[in-house]
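Fold and contact review
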Amino acid sequence: MKVPFLDLSRMEESLKAALKTKFDEILENGRFSGGEEVEDFEQRVSEYLGFTKAIACANGTDALELALRALNIGPGDEVIVPALTWVSTAEVVKMVGATPIFWDTDEWGLLKSDWEKAITPKTKAVIPVHLYGKMVDMESLMTGSKNQELFVVEDAAQAFGSFQKGKGAGTWSDVGCLSFYPTKNLGALGEAGMCLTNNVHIEKKIRLLLNHGQPTRDQHELIGRNSRIDTLQAGFLNVQLDYFKANLDLRKKYAGLYFEGLNHLKEIKLPIGILKEDHNAHLFVIQSKKRDSLQKFLVENGIGTAIHYPQILPDLEPFRCKGKFQNARRISQEGLSLPLNPWMKRNEIDFVIQKICEFFEK
Ligand SMILES: *Cc1c(COP(=O)(O)O)cnc(C)c1O
């Protein structure tokens, strides 16, 4: 048996057919930038997330950069980011000319709760990352940042569909950012992203920034750029949204099966709270001292896995800085993402469980 980590060509046939129909519709319609598909998509996400303002854009990295620009963060400013995350979180801080200040994570990869110790007179913002789909404790983070008069930009790129106390990931802070990269829980057939905010002034500014500063054509109020979403991607995402809830339920079901099957193994640590509401089961990351040999054993048995992420950002050349970052570094050495997606079959989950048990019990 071969179990790929993720193979998007396995999407269900009915979904594929609906995507093809959408492509035909848009092709016949002849509008490829902006238009109804984009408006519908924004409206549907907004509704799902309790009527927050939803601004679609070209990708999740741009969403983060637009957020920082809209909040006037730039040269001379410091922004606190977790040491373990996808590179975008820190990259955008550099792109606007500010300085990322790295802080360790907790044992699960979320910004450690003592992050306020990183604050200096230059600190302007903090970017909590809902890593693997699990939400940072937003109530306490928002309290801490409000007391210190800091902006908060949520990196919810991995957390669409996670809710804490009924409030969606990305809707807690000044600006929340989503990614619809193909491998995310809600994926386009290409690149797309979104900013979320409850502030109409910030909404307006982000809309200007992502479209050359134009409120209407040929009027340019500020220096912006082109970071618009493709009409085609918005159309595909409208189709994917119809399948989102059912596929989230499948992810949860499979995560539950992994839990049952692996819970007795003393040598691995299972993800915390993955069956709860504030986790969207985006990634199933186990932790083991024998990570590398386990990964090798699984590959030999036809099972694909992934590592999110093999290096912490402060160890990478463009971000190089000293520090222990103990938890983040340990996760980079011990974390292993198991295949978890709605296009797997039950017997594939069972096979992965069986092989992991075999590895530890042989
Ligand atoms: C995917 C991701 C992004 C970036 O999204 P893109 O759409 O690929 O630009 C940012 N942050 C995190 C944590 C991500 O996982």
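Our subject is the structure that appears above.
The residue numbers shown here count from 1 along each chain, following its written sequence. The model is predicted, so local features are restricted to residues of pLDDT at least 70 and side-chain atom pairs to those at 80 or more, both for listing and for counting; the totals for chains, interfaces and linings are taken over all residues. Each side-chain value is worked out from all heavy atoms of the structure, with water and hydrogens disregarded.

1. Regarding the site of the ligand
- Proximity is defined per residue: any heavy atom of the residue falling within 4 Å of a molecule or strand makes that residue near it. In the neighbourhood of the ligand, 14 residues make up the surrounding shell, with Gly60, Thr61, Gln158, Ser179 and Lys184 lying closest.
- Within 3.5 Å is the distance limit for a polar contact, defined as a pair of N or O atoms, with the added protein rule that one can donate a hydrogen and the other accept it, and that residues adjacent in sequence qualify only through two side-chain atoms. A distance of 3.0 Å separates an oxygen atom of the ligand from a polar atom in the side chain of Lys184.
- In isolation the ligand offers 380 Å² of accessible surface; the protein chains occlude 93% of this area.
- Each residue receives one of three labels: charged for Asp, Glu, Lys and Arg, nonpolar for Ala, Val, Leu, Ile, Met, Phe, Trp, Tyr, Cys and Pro, and polar for the others, Gly being one of them. Of the residues assigned to the shell around the ligand, the class counts are five nonpolar, seven polar and two charged. The method behind every accessible area is Shrake-Rupley, applied with a 1.4 Å probe, and residues are considered shielded solely by the protein chains displayed.

2. What to know about the sheet that holds strand S10 (residues 268-269)
- Two strands are said to pair when DSSP picks up at least two bridges between them. Elements are defined by DSSP. Helices are runs of H or I of four residues or more, strands are runs of E of two residues or more, and each kind is numbered from the N terminus. Taken in spatial order, the three strands line up as S10-S11-S12 in an open sheet, and their pairing is antiparallel. This sheet does not close on itself; its edge strands, each paired only once, are S10 and strand S12 (335-338).
- Summarising the sheet, S10 and strand S11 (residues 284-288) pair through two bridges and their orientation is antiparallel. Bridged to Lys269 within S11 is Gln287.
- Along the sheet face, helix H7 (residues 231-262) touches S10, S11 and S12 and points at about 20° away from the line of S11. Contact definition: two residues touch when any of their heavy atoms are within 4.5 Å. Helix axes are fitted to C-alpha atoms over the stretch in contact, other axes to C-alpha atoms as well, and angles between N-to-C directions run from 0 to 180 degrees.

3. Considering the packing of helix H8 (residues 291-300) against helix H10 (residues 346-361)
- At their nearest, the axes of H8 and H10 sit 10 Å apart, and the two run at 130° to each other. Here H10 runs oblique to H8, going by the angle between their axes. With respect to the hand of their crossing, H8 and H10 are arranged in right-handed fashion. Here Ser293, Leu294, Phe297 and Leu298 of H8 lie close against H10, whose contacting residues are Lys355, Ile356, Glu358, Phe359 and Phe360.
- Of the residues assigned to the contact of H8 with H10, the class counts are six nonpolar, one polar and two charged. Every angle not falling under 35 degrees, over 145, or within 65 to 115 is termed oblique; those three ranges are roughly parallel, roughly antiparallel and roughly perpendicular. By convention, the crossing between two helices is left-handed when the near helix turns anticlockwise from the far helix through less than a right angle, and right-handed when the turn is clockwise.

4. Considering the pairing of S12
- Neither face of S12 is left uncovered, since the one carrying Gly335 and Ser337 and the one carrying Leu336 and Leu338 both have all their residues buried.
- Across four bridges, the pairing between S11 and S12 is antiparallel. Across the sheet, Gln287 pairs through a bridge with Gly335, a residue of S12. Throughout, exposure labels follow a simple rule: accessible area from a 1.4 Å probe, protein chains only, divided by the maximum for the residue type, with under 20% read as buried, over 50% as exposed, and the rest as partly exposed.

5. Describing the sheet that holds strand S9 (residues 193-197)
- Spatial strand order, S1-S9-S8-S5-S4-S2-S3: seven strands in an open sheet with mixed pairing. Two strands in the sheet have a free side with no partner beyond their single neighbour: strand S1 (53-57) and strand S3 (99-103). Across the sheet, the axes of successive neighbouring strands diverge by a mean angle of 25°, strand direction being ignored.
- Strand direction decides the pairing type here: strand S2 (residues 78-82) and strand S4 (residues 123-126), joined by three bridges, are parallel. Bridged to Val79 within S4 is Ala125.

6. A few points about the pairing of S2
- For S2, a buried count of five out of five residues is recorded, marking the element as mostly surrounded by other parts of the structure.
- Alternating positions in S2 separate into two faces, Glu78, Ile80 and Pro82 on one and Val79 and Val81 on the other, with burial throughout.
- Where S2 and S3 come together, five bridges link them in parallel fashion. Bridge pairing links Ile80 to Ile101 in S3.
- The handedness of a crossover follows from its direction of travel: if, with the strands pointing away from the viewer, the path from the first strand over the helix to the second runs clockwise, the crossover is right-handed. Chirality of the crossover, the property in question, places the unit of S2, helix H4 (residues 88-95) and S3 among those that are right-handed.

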